[in-house]
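# Structural overview for review
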Amino acid sequence: GENTWKVVVAKEAKQTTIPFADGQNTSDTLVTQLIRLKHIPTGDMQQTLQPFISKEGLITAFQSTNSLIVIDSAANIERILALTKQLDIPALDQ
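The sections below set out a description of the structure shown in this document. (Residues numbered from 1 in each chain as written. Predicted model: local features only at pLDDT ≥ 70, side-chain atom pairs only at ≥ 80, totals over all residues. Heavy atoms only, no water.)

### A word on the sheet that holds strand β3 (residues 67-73)
Using the following cut-off: Pairs of strands are assigned from DSSP output, requiring at least two bridges between the strands. We count a stretch as a helix when DSSP gives it H or I for four or more residues in a row; a strand needs E for two or more, and each element gets its number in order from the N terminus. Where helices are involved, their axes are fitted lines through C-alpha atoms of the stretch in contact, as for all axes, and angles between N-to-C directions lie from 0 to 180°. We call two residues contacting when some pair of their heavy atoms lies within 4.5 Å.
Reading across the sheet, the 3 strands line up as β1-β3-β2 and stay open at both edges, with antiparallel pairing between neighbours. Of all the strands in the sheet, the pair left with one neighbour each is β1 (30-36) and β2 (58-62). Each adjacent strand pair in this sheet contributes to an overall mean axis angle of 15°, direction not counted. The pairing of β2 with β3 spans 5 bridges and is classified as antiparallel. Along β3, the bridge assignment pairs F62 with S67. Where helix α2 (residues 42-49) meets the sheet, it contacts β2 and β3, and its direction lies at approximately 170° from that of β2. Against the sheet, helix α3 (residues 74-87) makes contact with β1 and β3, and its axis sits at roughly 145° relative to β3, the strand it touches most.

### Notes on a nonpolar patch on the surface
Put simply, the test is: Each patch groups residues whose relative accessible area exceeds 30% and which form no salt bridge, using 9 Å between like charges and 5 Å between nonpolar side chains of Val, Leu, Ile, Met, Phe, Trp and Tyr. Note on areas: these come from Shrake-Rupley sampling with a 1.4 Å probe, and a residue is covered only by the protein chains present in the view. A side-chain nitrogen of Lys or Arg and a carboxyl oxygen of Asp or Glu constitute a salt bridge if their distance falls within 4 Å.
A surface patch of nonpolar side chains, amounting to about 240 Å² of accessible area, comprises L34, F62 and I69. Inspection of the secondary structure puts L34 in strand β1.

### Let's talk about the nonpolar core
The cut-off we apply is this: By nonpolar core is meant a set of buried Ala, Val, Leu, Ile, Met, Phe, Trp, Tyr and Cys residues that side-chain atoms within 4.5 Å join together. Each residue is placed in one exposure class: buried if its accessible area under a 1.4 Å probe, protein chains only, is under 20% of its type's maximum, exposed if it is over 50%, and partly exposed if it falls in between.
Of all hydrophobic cores here, the largest spans 13 residues; its most connected members are I35, M45, L49, I59, L68 and V70. Mapped by element, the contributors of at least two residues to this core are β1, α2, β3 and α3. Tallying contributions element by element places α3 first for this core, with 3 residues. Leave out the neighbours within four places in its chain, and V70 touches V31, T32, Q33, I35, I53, L58, I59 and I77.

### Digging into α2
As a reminder, the rule being used: This arc describes the spread of directions from the helix axis toward the C-beta atoms.
Looking at α2, one finds that the buried residues are T42, M45 and L49. Considered in projection along α2, the buried side chains sweep an arc of 65° and stay on one side of the axis. Contacts from the buried residues of α2 go to β2, β3 and α3.

See below:
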């Protein structure tokens, strides 16, 4: 029901059903976020962001749509989104 909680070990949580981030999640809730990139290849962005992913988190590049799938705490997802916004810009030398 509505008041039922499921507790799982954090490192096992990324293999279970994790809700998509909706802006309503608490800061420590583990959520999934899809990030579509416009200017930087996913592999490059994945390598750049990997150090910012928590030990319970996961970042995966989905190259066919130039997107990243990120699983992490809602608070860290917000930080990752802010970094992505600053980094995913047109190259200055083009």
